Amino acid sequence: MSQARLTVTQHTTNGVHVVALAGEIDHTTADTFRQALTADGGSPRYTVVDFRDVTFMDSSGINVLVAANNTAHAGGGWLRLAHTPTPVFQLLHIVGLDDVIPLYPTLSQALAEQNAA
């Protein structure tokens, strides 16, 4: 049996923590996802998550996103999602998260919105 894998790449652009994910987000990788959303042991104020290379996400990923969004808002910041593939978008839509967390077609659009704000 193959274990689900999740690869995380992170960087900061103009004060925004950018988390790029590749692979599957499920109960076996949720902690990796959760840890990626904390920069240097604390929750960053502004975060964009790039889902471009995510092939699967279940309710474990939804739970991580809800918690990260709540933490960001509590600190006066925000969480944005970019490049949500159709299966991920459908899951976000079914649970209504697309009405709570802004979705952008590209990473550059999510970051450009920060510059306009």
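Refer to the structure presented above.
In what follows, the accompanying structure is described. These numbers were taken from a predicted model, which means no experiment stands behind them.

Concerning the pattern of salt bridges
Then, in step 1: One pass over the full model with this rule turns up two salt bridges.
Then, in step 2: Note that D31 is salt-bridged to R34, the shortest N-O span being 2.5 Å. In this pair, D31 and R34 both sit in helix α1 (residues 30-36), three residues apart, roughly one turn of the helix.
Then, in step 3: The class of D31 is partly exposed, set by a relative accessible area of 49%.
Then, in step 4: Classification of R34 by relative accessible area gives partly exposed; the value is 40%.
Then, in step 5: Across the salt bridge formed by D50 and R52, the nearest N and O atoms sit 2.9 Å from each other.
Then, in step 6: The exposure class of D50 is buried, given its relative accessible area of 4%.

Topic: the nonpolar core
Then, in step 1: Within the largest apolar cluster, 23 residues are counted, with the highest numbers of intra-cluster contacts made by L21, F33, F51, M57 and L65.
Then, in step 2: Mapped onto this core, the elements with two or more residues apiece are β2 (16-25), α1, β3 (46-57), α2 (59-74), β4 (78-82) and α3 (86-94).
Then, in step 3: Counting nine residues, the second-largest nonpolar core is a separate cluster that includes W78, A82, L107 and L111.

Rules behind the numbers
Residues numbered from 1 in each chain as written. Predicted model: local features only at pLDDT ≥ 70, side-chain atom pairs only at ≥ 80, totals over all residues. Heavy atoms only, no water. Salt bridge = Lys/Arg side-chain N within 4 Å of Asp/Glu carboxyl O. Helix = DSSP H or I, 4+ residues; strand = E, 2+ residues; numbered from the N terminus. Buried < 20%, exposed > 50% of the residue type's maximum accessible area, 1.4 Å probe, protein only. Core = buried A, V, L, I, M, F, W, Y, C linked by side-chain atoms within 4.5 Å.

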